[in-house]
Amino acid sequence: MPDKKEKFYLTTPIYYTNGLPHIGHTYTTVVADVIRRSKRMRGYDVVMTTGTDEHGVNVERAAKKAGVPESEFVATMADAWRTLWDELGIPADEFVRTTDLKHVRTVQWLFKLCRGNGYVYKGHYTGQYCIYDNAFVNDAKPGDNCPDCGRPLETVTEENYFFKLSSFQKPLLDFYKKNPDFIQPDTRRNEIISFVEGGLKDLSITRTTIRWGIPVPGEEPHVFYVWFDALTAYLSAVGGPDYEKRGYWPADLHLVGKDIIRFHTVYWPAFLMAAMLPVPKQVWAHGWFLMDAAKMSKSKGNVVLPRPIVNMLGMDALRYFLLRDVVFGQDGNFSYDALVTRYNSDLANGLGNLASRTVALIQKNFAGKIPKPATFKSQDEALAKEAQNAIGEVLENFDKLSFARALETIWTVIAAADKYLTSEQPWALGNSEADQVRKATVLWTTAELLRIVAALAFPVLPDSAAKVWTLLGQSEALGKFEVGGLRWGQLAPGASLGKAQTLFPRVDKTEAIERIEAMANEELNPTPATHAPAANAPAATGASAAAAAAPAVSDKIGIEDFAKVEMRVGQIKTAERIVGADKLLKLTVDIGTEIRQICAGIAQYYEPESLIGRKVAVVVNLAPRKLRGVESNGMIVAASVGPEGRPVLTGFHEEVEVGARLK
Ligand code: MSP
């Protein structure tokens, strides 16, 4: 443990504001939070920064599409990101936005330092540019697609300021040699070294073709290129030009996805060296979470959202899964099936079951107070040894960011305790003095093991570990507990247990997955009143706010756009409520050519029986989707009335034929 609170500064990437967080982004931020918590438990004074990367042509375009000024667009999006992190219990200590004045000043200051030291010059650049990734692609030819995202590249020529990256080949290679831990994991380090050994070209760091960026003082229309701007956010978050006062720079750790390792380990140290500023200590690149073997992206339609999972299983379950199932640094596949399986086996049956069994037995046999152990038998000592050994192993693995290993060790200890309880059978012991003493020893041993498990698992399972901790009558807040002092044998007899509770209720896999998917569907495609929001989805999610901002009110569409929507007269044949979805009705509707099943969010305003035989307008060419696990194949049109958006179904005052098209 450090003598005086040693500082530890870590960062996540700052995320683009033209999209909203999915599981991939959540992964990086969760990992940062786990490191933050584990370092705090080791006595460090930790600052964790995250934030939003708000400049560039993508934002310009997205804001235009939404019909709002860029500043308004990014403010809404930054708010959505910040709110999500807060909601998920992973708030930033510093949330930096690249439109913050303190950041603007830091970027301009860094540029001045680099220019003053002779590393910046003016020139022209023509190249193939990916507007999605905001990067020129070296060695690409006109007509090529972006090697990262596959989108078509554009040829761009403009006057730029250049950074003399070529001058840093040797300094960087020397730096990597002197600091072998700077780039992690080792495979990435080797990749970067070969890349730098292959030669470095100077880098354009300003643009004149983009308007939405930080101006280069006195050099308008130059604005800073996105990486010179974005990387500097790490420094502006902790004081910018005054970084020495706060004392957190250089950063101890930049956590990044493997897609952006080069920017962090080549450009960023070179900018800092040019400005004669201290260089970060380590950059750790993790792999990607893949869905159907591809990187998640909204355009591919394969994103997994964090909120629906958290609504269904809790944040700790998501955190556990992200860290347990994938070796940190490697790619991993995301699957709802694997998530729910892990939840039921490791959390509900594993930790949850051990905690509730132990607490229930102590409540029953020792009036809810931790019993006093007596003579330990060899099997008690063996368990004690296993738990004691786990402490060092787990802490070491957290330090090495080997999260899956750390969790595996903790769960081996949990399994050993389960086995121990099953073979010792304290519930089968009688009331003789000898039996009582043995019962006390067995239950104290299990409770002590649980206390150690809670302390070790806390960085990953902050809510549930804290619950176990309080259940065991520990008064000190677990987040403040210094885990370096954790030893077997510290559980004091006599402490009163907290009230027993189910930490992780078991779930039915199929039902849980259906509910998660339904909520995700709702968040990704928020619909008008006829598609009600899933019962426990938050009312105004970031996604719906952003989607609401998307179509510009003043935008006009052509008749060909309207013609794409096929609306027909339908007649409702049956209507029934859906169990567990109090806003939805399941309807069958005759649309002339077939009978369709459609879900409509009108259950709070229409009695099912009153709808039978009614003629309504139906959008019949809407892609089918599942709402609360029920397939909906079309949409009933309704007016949305009043502040609460009460649905009022359309009707016809003259006789209309079922199936007639609305034009
Ligand atoms: N704005 C830049 C970073 C600038 S840092 C100075 C950017 N933003 S991003 O929104 O695209 O987020 C990138 C980060 O999100 C990745 O580096 C990675 O940490 C995380 N992930 C995005 N998709 C991911 C997966 N599918 N899986 C795991 N992490 C992923 O790049």
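Because the structure is predicted, anything quoted here is derived from the model rather than measured.

Regarding its fold elements, the protein chain presents 21 helices and 25 strands. With respect to the principal axes defined by its C-alpha atoms, the protein chain has extents near 90 × 80 × 35 Å. Put simply, the protein chain has 663 residues, and 53% of those count as buried. In the protein chain, 75% of the contacts between residues at least 6 apart in sequence involve partners at least 24 apart. For the protein chain, the exposed surface amounts to about 28800 Å²; the carbon and sulfur share of it is 51%.

Before going further, it helps to examine the sheet that holds strand β1 (residues 7–16). Pairing is parallel across the open sheet formed by six strands, whose spatial order is β3-β2-β1-β11-β12-β7. Each edge of the open sheet carries a strand with a single partner, namely β3 (94–97) and β7 (183–184). Sheet analysis places strand β11 (residues 253–257) next to strand β12 (residues 283–286), joined by four bridges and oriented parallel. By the bridge assignment for β12, V256 is matched with A285.

Mapped onto the secondary structure, L277 falls in the loop between α10 (261–274) and β12. On a C-alpha basis, the gap between L277 and D325 in space is 39 Å, while along the polypeptide they are 48 residues apart. Look past the residues within four positions of L277 in its chain and what remains in contact with it is W109, L110, L113, L235, Y243 and L272.

Inspection of every chain in the model, using the stated rule, returns 36 aromatic pairs. Taken together, a centroid distance of 6.1 Å and an interplanar angle of 70 degrees make the contact between F8 and Y44 edge-to-face. Of this pair, F8 sits in strand β1 while Y44 sits in the loop between α1 (23–41) and β2 (45–53), placing them 36 residues apart in sequence. Of the two residues examined, F8 and Y44, each falls in the buried class. Considering the side-chain rings of F398 and F403, the 6.2 Å spacing of their centres and the 55 degrees angle between planes classify their relative orientation as tilted. Through a chain of ring-to-ring contacts, three or more aromatic side chains come together here, namely F111, Y119, Y161, F163, F168, F224, W227, F228, F263, Y267 and F271. In this arrangement the basic side chain of K7 is found over the ring face of Y248, its NZ or CZ atom lying 5.2 Å from the centre.

Let us look at α10. Taking 1.5 Å per residue, 14 residues should reach 20 Å; α10 reaches 19 Å between its end C-alpha atoms and fits that length. Within α10, the axis deviates most sharply at Y267, by approximately 25 degrees, and proline P269 lies no more than four positions further along.

Among the eight residues that make up helix α11 (residues 306–313), six are buried, leaving the element largely enclosed by the rest of the structure. All of the buried residues in α11 are P306, R307, P308, I309, V310 and L313. The positive-phi residue at the C-terminal boundary of α11 is G314, with phi of around 95 degrees.

Once that is clear, we can look at the side chain of E94. Here E94 is to be found in strand β3. For E94, a relative accessible area of 18% gives the class buried. For E94, the side chain forms a polar contact with the side chain of R246, separated by 3.1 Å. Here E94 is in contact with V47, M48, T49, T50, K102, A237 and R246, once residues within four sequence places are set aside.

Among the 23 residues in the neighbourhood of the ligand, the closest are listed as I14, T28, D53, G257 and F289. H286 is positioned such that a nitrogen or oxygen atom in its side chain is 3.4 Å from an oxygen atom of the ligand. A distance of 2.8 Å separates a nitrogen atom of the ligand from a polar backbone atom of F289. Listing elements by their share of the shell around the ligand, those giving two or more residues are β1, α1, α7 (226–231) and β11. Residue contributions to the shell around the ligand peak at four residues, all from β1.

Let us now look at the packing of helix α14 (residues 378–399) against helix α16 (residues 433–457). Following both chains from N to C, one finds α14 and α16 inclined at 5 degrees, their axes separated by 10 Å at the closest point. One element, α14, and the other, α16, form an angle in the roughly parallel class. Two secondary-structure elements touch here, α14 through Q379, D380, L383, A387, A390, I391, V394, L395 and F398 and α16 through R438, T441, T445, L449, I452 and L456. Taken together, the residues that form the contact of α14 with α16 break down as 10 nonpolar, three polar and two charged.

Within β2, eight of the nine residues are buried, leaving the element largely enclosed by the surrounding structure. The β-α-β motif built from β1, the intervening α1 and the parallel element β2 has right-handed crossover chirality. Of the pairings in the sheet, the one linking β2 to β3 comprises four bridges and is parallel in character. Note that in β3 the partner of T49 across the bridge is E94.

The subject of this paragraph is the confidence of the model for the protein chain. Scored by pLDDT, the protein chain comes out at a mean of 90, with 94% of its residues at no less than 70. In this model, residues 529–554 is a region of pLDDT below 50 whose contacts with residues beyond four sequence positions or in other chains number 57 contacts.

Glancing now at the pattern of salt bridges. Applying the stated criterion to the full structure yields 35 salt bridges. Residue R40 pairs with D93 through a salt bridge whose shortest N-O separation is 3.2 Å. Of the two residues, R40 sits in helix α1 while D93 sits in the loop between α3 (70–87) and β3, which places them 53 residues apart along the sequence. Accessibility expressed as a relative area gives 33% for R40, which makes it partly exposed. As a salt-bridge pair, K258 and D331 come within 2.8 Å of each other at their nearest N and O atoms. Of this pair, K258 sits in the loop between β11 and α10 while D331 sits in the loop between α12 (315–324) and β15 (332–333), and the two are 73 residues apart along the sequence. Exposure remark for D331: the relative accessible area of 34% places this residue in the partly exposed category. What emerges from the salt-bridge pattern is a single network uniting D33, R36, R37, R40, D93 and R319.

The next point concerns empty space enclosed by the protein. This structure, assessed with the given rule, holds five cavities of 30 Å³ or more. Estimated volume of the second largest cavity: approximately 50 Å³. Looking at the second largest cavity, it is lined by 12 residues, and the ones nearest its centre are G56, I210, F224, Y225 and V226.

Rules used in this analysis
- Throughout, a residue's number is its position along its own chain's written sequence, starting from 1.
- Where totals are concerned, whole chains, interfaces and linings use all residues; where local detail is concerned, this predicted model gives features only for residues with pLDDT of at least 70, and gives and counts side-chain atom pairs only at 80 or more.
- Computation of side-chain values: all heavy atoms of the structure, hydrogens and water removed.
- Numbering of helices and strands runs from the N terminus, with a helix taken as a DSSP run of H or I at least four residues long and a strand as a DSSP run of E at least two residues long.
- Exposure is judged per residue with a 1.4 Å probe applied to protein chains only, and the accessible area is read against the type maximum: over 50% gives exposed, under 20% gives buried, and values in between give partly exposed.
- Whether two residues touch is decided by their heavy atoms; if any such pair falls within 4.5 Å, the residues are in contact.
- In short, Shrake-Rupley with a 1.4 Å probe defines the accessible areas, and a residue's cover is counted only from the protein chains shown.
- Should DSSP find at least two bridges between two strands, the strands are taken to pair.
- Put simply, two rings from Phe, Tyr or Trp (the six-membered ring, in Trp's case) pair if the centres are within 6.5 Å, and we call them stacked under 30 degrees between planes, edge-to-face over 60, tilted for the rest.
- By definition here, charges over rings are those cases where NZ of Lys or CZ of Arg is within 6 Å of the ring centre and within 35 degrees of the ring normal.
- In this scheme, a helix's expected span is set at 1.5 Å multiplied by one less than its residue total.
- For a residue, the bend is simply the angle between two axes, fitted respectively to the seven-residue segment ending there and the seven-residue segment starting there.
- Pairs of N or O atoms are called polar contacts if they sit within 3.5 Å, as long as, within protein, a hydrogen donor faces a hydrogen acceptor (for residues adjacent in sequence, only side-chain-to-side-chain pairs).
- Being near a molecule or strand, for a residue, comes down to having at least one heavy atom within 4 Å of it.
- To define axes, lines are fitted to C-alpha atoms, for helices over the stretch in contact only, and angles between the resulting N-to-C directions are given on a 0 to 180 degree scale.
- The cut-offs work like this: below 35 degrees is roughly parallel, past 145 is roughly antiparallel, 65 to 115 is roughly perpendicular, and the gaps in between are oblique.
- Each residue is assigned to one class: nonpolar for Ala, Val, Leu, Ile, Met, Phe, Trp, Tyr, Cys and Pro, charged for Asp, Glu, Lys and Arg, and polar for all the others, Gly among them.
- Classification remark: right-handed applies to a crossover when, strands pointing away from the viewer, the course from the first strand over the helix to the second runs clockwise.
- Each residue gets a pLDDT score, which is the predictor's confidence in that residue and runs from 0 to 100.
- The salt bridge criterion pairs a side-chain nitrogen of Lys or Arg with a carboxyl oxygen of Asp or Glu, the two atoms within 4 Å.
- Points on a 1 Å grid over protein atoms alone make up a cavity when a 1.4 Å probe fits among them but cannot get out, and a pocket when they form an open set with protein on both sides within 12 Å along at least five of seven lines; lining residues each have an atom within 4 Å of a point.
- Grid points are joined across faces, edges and corners, and a volume is the space filled by probe spheres set on the points.

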